[in-house]
Amino acid sequence: MTLKEFLEVKPLYYDEIDYNRMPRVYEKIKEFIKIPKIIHIIGTNGKGTTGRFLSNALYSKGFGVGHYTSPHILEFNERIWCNGANANDASLEAAHVELQKLLTSSDAESLSYFEYTTLLAMIIFKECEFVIMEAGLGGEHDATAVFPKILTLVTPIGYDHEAFLGSKIEQIAATKLAAVQKSAIIARQNYEAVYQAATKISSEKMLNIYRVDEFIDDADRAKIQEISQKLSLAPYLSDNLTLSVAALKFLDIAYGVDDFKKGVLFGRLSRISENIIVDVGHNALAASRVSEALSGEKFILIYNSYKDKNYHEILSILKPLILHVEIIEIENQRVEDIQKIQEALADLKIENSIFKEIKEEQKYLVFGSFSVAEKFLKEHANVAKYTI
């Protein structure tokens, strides 16, 4: 069975959570997997861009680097980036064959889509010196947490995936921070409770947990500003860049402005044409960052949402940017009923319709999830000038 065929029958999530499945399977095969120096990235928002900034910088310094991120927008290959490019189909298939030889058939079948692809990535990254590994939706029990790590980066933590992580910031932060093994650097946070949780777990587990500003001096700030100007970064993306610079300082690796010239991971305020911006944000914190970055502008919002997202709050945050909303139809069992989204829009007094077409004279913001971006790009690739 090819990788594509194998993954097509894999569940993305299981109704019954088994936190021991990934550790149990990994324990059986870990002696056959070469583990590079792993930098783990946890948090709610900014994991992908922070990881890609850091990966590009390390690669530009001559290191072999792998970057594991999720989910993907258009094709699976986006999840596994190695030495400057997404993994090609041949390398993915070869890694799949190798992994199948290591796993028993029952173990291979038992793993979820994300668990299996996490192991697959480690097969591809075996010759790398550094691996930047982004957690999925959690921390302590995430599939990426099973590997030994030299450093953990903590991006801003906010409300998301409450069904898995808890309904309070204290709970969410504690669950994510429990993944830290030795040392961590925490980005600037919106909630004091995150810092408090970090202090508590640092004391209990004897960890070295630093704040990002402990590594950033005036010379770094000048470089970060120059990089941000060259790449036209929104403020929140500059914050992600700052966290990646702090990681380089922790590793004692000198860097220059040109080490970040490859730019931002696609789908993060990506302008794909003169009148269209795509962002894969899907929670209130992401909406706040986008609203801040685009303040003063007006857009038609192309939107949809999963059932487990607080779309009323998200739309409320985005309202100052919105001329009206056009709901893009998506076939996915996790997607909310359009009628319920329309009810939220009516409550917020935002006009809406079903998305049909792009008009050149209008400005559009595509926002809501990776699935929204995927559906839009696949149907309207003719308007886009982008590279993933």
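For the structure, check the block above.
Read on for a plain summary of the structure. (Residues numbered from 1 in each chain as written. Predicted model: local features only at pLDDT ≥ 70, side-chain atom pairs only at ≥ 80, totals over all residues. Heavy atoms only, no water.)

1. Quick word on the pattern of salt bridges
Counted according to the given criterion, the structure contains 18 salt bridges. We note a salt bridge from Asp220 to Lys249, for which the minimum N-O separation is 2.5 Å. Within this pair, whereas Asp220 is found in helix α10 (residues 218-231), its partner Lys249 is found in helix α11 (residues 235-250), the two being separated by 29 residues in sequence. When the shortest N-O distance is used, the salt bridge between Glu374 and Lys378 registers 2.8 Å. Placement of the pair is Glu374 and Lys378 together in helix α15 (residues 370-379), with a separation of four residues, close to one helical turn. According to the relative accessible area criterion, Glu374 is partly exposed, its value standing at 24%. Among the charged side chains, a salt-bridge network with shared partners connects Arg188, Asp213 and Asp239. (Salt bridge = Lys/Arg side-chain N within 4 Å of Asp/Glu carboxyl O. Helix = DSSP H or I, 4+ residues; strand = E, 2+ residues; numbered from the N terminus. Buried < 20%, exposed > 50% of the residue type's maximum accessible area, 1.4 Å probe, protein only.)

2. Let's talk about the pairing of strand β12 (residues 322-327)
Pairing analysis gives five bridges linking strand β11 (residues 299-303) to β12, with the strands arranged parallel. Looking across to β12, one finds that Tyr303 is bridged to Ile327. Where β12 lies against strand β13 (residues 352-354), three bridges are found, and the strand directions are parallel. Paired with Glu326 across the two strands is Ser353, which belongs to β13. For the segment spanning β12, helix α14 (residues 338-347) and β13, crossover handedness is right-handed. (Pairing = 2+ DSSP bridges. Right-handed = clockwise from strand over helix to strand, strands pointing away.)

3. Here we look at the environment of Lys309
Along the chain, Lys309 falls in the loop between β11 and α13 (311-318). Lys309 sits in the buried class, given a relative accessible area of 7%. For the pair Lys309 and Gly368, spaced 59 residues apart in sequence, the C-alpha to C-alpha distance is 9.6 Å.

4. Description of the packing of α10 against α11
Running from amino to carboxyl end, α10 crosses α11 at an angle of 135°, the nearest separation of the two axes being 10 Å. It follows that α10 is oblique to α11 by the angle criterion. Crossing handedness for the pair α10 and α11: right-handed. Contacts from Asp220, Ile224, Ile227 and Ser228 of α10 reach α11 at Ser238, Leu241, Thr242, Val245 and Lys249. Tallied by class, residues from the contact of α10 with α11 come to four nonpolar, three polar and two charged. (Axes fitted to C-alpha atoms, helices over the stretch in contact; angles between N-to-C directions. Parallel < 35°, antiparallel > 145°, perpendicular 65-115°, else oblique. Left-handed = near helix turned anticlockwise from the far one by under 90°. Contact = heavy atoms within 4.5 Å. Nonpolar A, V, L, I, M, F, W, Y, C, P; charged D, E, K, R; others polar.)

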